[in-house]
Amino acid sequence: MTTPNVPAQPAGTQPAGSAASARSAATAQRPMVEIRELHKEFGSLHVLKGVDLTVTRGSVTVILGPSGSGKSTLLRCINELEDITGGSVVVDGELMGYRRDDGGTVHRLHPKVIAKQRERIGMVFQRFHLFPHMTALENVMEAPVQVRGLSKAAARTRALELLDRVGLSDRVDHYPAQLSGGQQQRVAIARALAMDPELMLFDEPTSALDPELVGEVLAVMKDLARDGMTMIVVTHEIGFAREVADHVVFMDEGVIVEEGGPQQVLDAPREQRTKDFLAHVL
Amino acid sequence: MSDPQSHRDPVPNRIHARPVPRPGRIISAIVVLVLAAMAINGLVTNTNFRWDIVWTYLRDVLVFRGIGWTLLLTAGSMLVAIVLAVTLAVMRRSDNPVMRWVSWVYIWFFRGTPIYTQLVFWGLLAVLYPRLSLGVPFGPEFFSFSTKDVISAFWLALIGLSLNEAAYLAEIVRAGLNSVDTGQTEAAKALGMKDSKILRRIVLPQAMRVIVPPTGNETISMLKTTSLVVAVPFTMDLYYTTNAMGNRLFLPVPFLVIAAIWYLVITSILMVGQHYLEQYYGRGFSTSPGGGRLGRKRRRPNKQDLIKASGTTTDPFSEVTP
Ligand SMILES: Nc1ncnc2c1ncn2[C@@H]1O[C@H](COP(=O)(O)OP(=O)(O)OP(=O)(O)O)[C@@H](O)[C@H]1O
Ligand SMILES: [Mg+2]
């Protein structure tokens, strides 16, 4: 990781031969996430059975699949919330969680190094997981101050900007319990954005919301996608996938069954399992 | 109320119903009042209590000195115990099996033996180990000192009380830490926070909501456990002092009453403190807007907030439909 704060840009928008040198161009072409032969077991339960996935910089990848197919587990393996059992996860050129020495031996990284790796990956959870003892503003300020060592004043200015961006400038002093589900999820998105992530992971961000609140959260996510954020989104919102996704992945029983552009996977699926699933959710 | 508008009832057909009669309440109130009056009468008119002596010695300088030492022992041993207990609880949850085991054995030992016995042993420290020294284990000593010259009875009492208390508090802290949703830890991890930060900033503050009430209970219990420090022997606390005064004057009863009164007063003050602590750590957990008086930067929502909350808001993202 040499350039932690390169603003994520949609692939191909990098002006060729600009002042941004060859290295920067190479960075822009390098995929944001490369997952190879990923396996994950929980004890004797084999949950991920060899997942390969490439996510290009600035793209939006939507993961679909029935319950229990391993979608959450896949996301959690990307930011090391789960130790992987086999294979590799590379984010922006950096192997996650492990180090391979010259002799080819694999070493587990120290928890502090793993914490450092997680800084550039934002995550949004189905059940928000806001810190209930802090106001919306304090939630957003927490990581920049505690992890980055930003001054309170600077973190506050940035947090206010972010809360404004997700449309909550009039709710900054509210505690999570005083906010609606949709508002809580928008605070959670602002909290993740406060660390200037290069990659955002969303695990069913709207599944815990009342139907009338889903739209406000999806709107924030669309706004982020327009700005060129690299996003991996697990969702059952097919409308969102159709409108925003660059890449759609259908998972079942721990493997990727089918992937491609939204038209291809959603409108003309090749696999029977995909067809059955889409018939259910649509 | 000069505005006549405000007198108009917005509910045109407001119900003014008579409440359901509750004779049980009145009867029980009368019974309790009579019993209380009998009890007070029995206390006040009974000359064996020697209220004159109680009143004279209630504010005696020796009694105040006893209160001082008792408070110092209570506060000091609770402080040491809390620090130790958090350490033990964290060790108990650690990945390191040695740490888990040490914590388990500590709790097993100190909960498993009577506090009185422990205090007697602390009192015997100078007899059992006349000299204490600092040096390399099984190797050379750097310096050593005479135990009874360096560690006074007060410190022995404080050590004895706090080591015992830590074992109980450790279990309370552990229950508190376990009560915090694992999602909180995961959210903090996902933000790149280190384990020590997560404990200090995210998990402990939320665990406090569970930890504070039983810890208040333990503090009150500790206040009275200090009366056992005579086992060391430490002889300046409130209980020993009043007891000794009573024996000297051949009037034990009024001095027991004095001790009871002061223990009650201190307990009442502690209960008030506990109430405010509970409110502070409960901030963010009540859904009522403006709840949690001690919450920092708390602001009551104004009318505008309420209008917005009611749904007719200008929130830019709430107008978008999926
Ligand atoms: N910590 C864990 N320990 C044991 N088994 C687990 C654990 N986490 C997940 N699993 C199992 O792994 C499988 C995949 O779970 P996962 O949460 O990834 O599914 P999912 O596709 O996200 O499903 P959903 O749509 O219901 O969220 C399930 O069978 C689940 O029971
Ligand atoms: Mg899931």
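Sequence order sets the numbering: in each chain, residues are counted from 1 along the sequence as written. The order in which chains are written sets their letters, starting at A; the order in which ligands are written sets their numbers, starting at 1. Per-residue local features of the predicted model are confined to residues with pLDDT of at least 70, and side-chain atom pairs are confined, for both listing and counting, to 80 or more; whole-chain, interface and lining totals are unaffected and use all residues. Remark: hydrogens and water are excluded; side-chain values derive from all non-hydrogen atoms of the structure.

**Student:** I'm lost on the overall build of chain B in this one. Help?
**Tutor:** Where helices and strands are cited, they refer to DSSP runs of H or I of at least four residues and of E of at least two residues respectively, numbered from the N terminus. On a plain count of helices and strands, chain B comes out with 13 helices and two strands. Each residue gets one of three labels from its accessible area relative to the maximum for its type: buried under 20%, exposed over 50%, partly exposed in between, using a 1.4 Å probe on protein chains only. The buried share of chain B, taken over its 322 residues, is 34%. Note on definitions: a residue-residue contact is assigned when non-hydrogen atoms from the two residues lie within 4.5 Å. Long-range pairs, those at least 24 residues apart, make up 68% of the contacts in chain B with a sequence separation of at least 6. Reported accessibility uses the Shrake-Rupley method at a 1.4 Å probe radius. Residues are deemed covered only where the shown protein chains occlude them. In the form shown here, chain B has an accessible surface area of approximately 20000 Å², with 66% of it arising from carbon and sulfur atoms.

**Student:** Could you clarify how one ought to interpret the overall build of chain A in this entry?
**Tutor:** The number of helices and strands found in chain A is 10 helices and 12 strands. Atoms counted for the radius of gyration: C-alpha only. Globule rule: 2.2 Å times the number of residues to the power 0.38. Taken against the 2.2 N^0.38 rule, which gives 19 Å for 282 residues, the C-alpha radius of gyration of chain A at 19 Å falls within 12% of a compact globule. Principal-axis analysis of the C-alpha atoms gives chain A an extent of 50 × 50 × 45 Å. The buried share among the 282 residues of chain A stands at 57%. Of the roughly 11400 Å² that chain A leaves accessible, carbon and sulfur atoms contribute 50%. On chain A, the mean spot of the 30 positive side-chain charges and the mean spot of the 37 negative ones are 4 Å from each other. Lys and Arg are tallied as positive, Asp and Glu as negative. Neither His nor the chain termini are counted. The atoms used to mark charge sites are NZ of Lys, CZ of Arg, CG of Asp and CD of Glu.

**Student:** Which parts of the structure should I look at to understand helix 3 (residues 111–118) of chain A?
**Tutor:** Every α-helix winds through 3.6 residues per turn, so residues three or four apart in the chain are directed the same way. Of the residues making up helix 3 of chain A, those classed as buried are I114, A115, Q117 and R118 of chain A. Projected down its long axis, helix 3 of chain A carries its buried residues within an arc of 160 degrees, all on one side. Turned more than 90 degrees away from the buried face of helix 3 of chain A sit K112 and K116 of chain A, all of them exposed. In this structure, the buried side of helix 3 of chain A is in contact with strand 5 (94–95), strand 7 (106–108) and strand 8 (121–124) of chain A together with helix 9 (182–190) of chain B. In this context, the arc is that of the directions from the helix axis out to the C-beta atoms.

**Student:** It is not clear to me how the site of ligand 1 should be interpreted in this structure. Could you clarify?
**Tutor:** All names here are of chain A. Close to ligand 1 lie F42, L45, V47, P66, S67, G68, S69, G70, K71, S72, T73 and E204, which account for all nearby residues. As used in this structure description, the phrase polar contact means that two N or O atoms lie within 3.5 Å; if the pair is within protein, one of them must be able to donate a hydrogen and the other to accept it, and residues adjacent in sequence are counted only when both atoms belong to side chains. For ligand 1, an oxygen atom lies 2.8 Å from a polar atom in the backbone of G68. Here an oxygen atom of ligand 1 sits 3.0 Å away from a polar atom, N or O, in the main chain of G70. Expressed as a share of its isolated accessible area of 630 Å², the protein-covered part of ligand 1 is 59%. Neighbouring residues are identified by heavy atoms, a residue being near a molecule or strand if any of them is within 4 Å of it.

**Student:** How do you make sense of the packing of helix 4 (residues 97–112) of chain B against helix 8 (residues 153–179) of chain B when you look at a structure like this?
**Tutor:** The angle between the axes and the distance between the axes are what describe a pair of packed helices. Residue and element names in this part refer to chain B. For helices, the axis comes from a line fit to the C-alpha atoms of the stretch in contact; other axes are also lines fit to C-alpha atoms, and the angle between any two N-to-C directions lies between 0 and 180 degrees. Here helix 4 crosses helix 8 at 120 degrees, and the two axes come no closer than 8 Å. With respect to their mutual orientation, helix 4 and helix 8 come out oblique. Crossing of helix 4 over helix 8 shows left-handed handedness. Residue-level contacts link Y106, I107, F110 and R111 of helix 4 to L163, N164, A166, A167, Y168, A170 and E171 of helix 8. Only Asp, Glu, Lys and Arg are considered charged, only Ala, Val, Leu, Ile, Met, Phe, Trp, Tyr, Cys and Pro nonpolar, and every remaining residue, Gly among them, polar. Its residues assigned to classes, the contact of helix 4 with helix 8 shows eight nonpolar, one polar and two charged. Angle categories are assigned with fixed cut-offs, so that under 35 degrees is roughly parallel, over 145 is roughly antiparallel, 65 to 115 is roughly perpendicular, and the rest are oblique. Two helices crossing with the near one rotated counterclockwise from the far one by less than a right angle form a left-handed crossing, whereas a clockwise rotation gives a right-handed crossing.

**Student:** I'm lost on the sheet that holds strand 2 (residues 45–55) of chain A in this one. Help?
**Tutor:** The pairing of strands in a sheet happens through backbone hydrogen bonds and is either parallel or antiparallel. Residue and element names in this part refer to chain A. Two strands make a pair as long as DSSP finds a minimum of two bridges between them. Overall, antiparallel pairing links the four strands, which are arranged 2-1-4-5 in an open sheet. The outermost strands of the open sheet, each flanked by one partner alone, are strand 2 and strand 5. As judged from the two bridges shared by strand 4 (residues 86–91) and strand 5, these two strands associate in the antiparallel manner. Its bridge partner being in strand 5, V91 is matched across the sheet by E94. Against the sheet, helix 2 (residues 71–78) contacts strand 1 (33–42), strand 2 and strand 4, and its axis sits at roughly 120 degrees relative to strand 1.

**Student:** Which parts of the structure should I look at to understand the environment of D83 of chain A?
**Tutor:** All names here are of chain A. One can find D83 in the loop between helix 2 and strand 4. Residue classification places D83 among the partly exposed residues on the basis of a relative accessible area of 38%. Spatially, the C-alpha atoms of D83 and E34 are 16 Å apart, while their sequence positions differ by 49 residues. In this view, D83 contacts K40, Y98 and R108; residues no more than four positions away in its chain are not counted.

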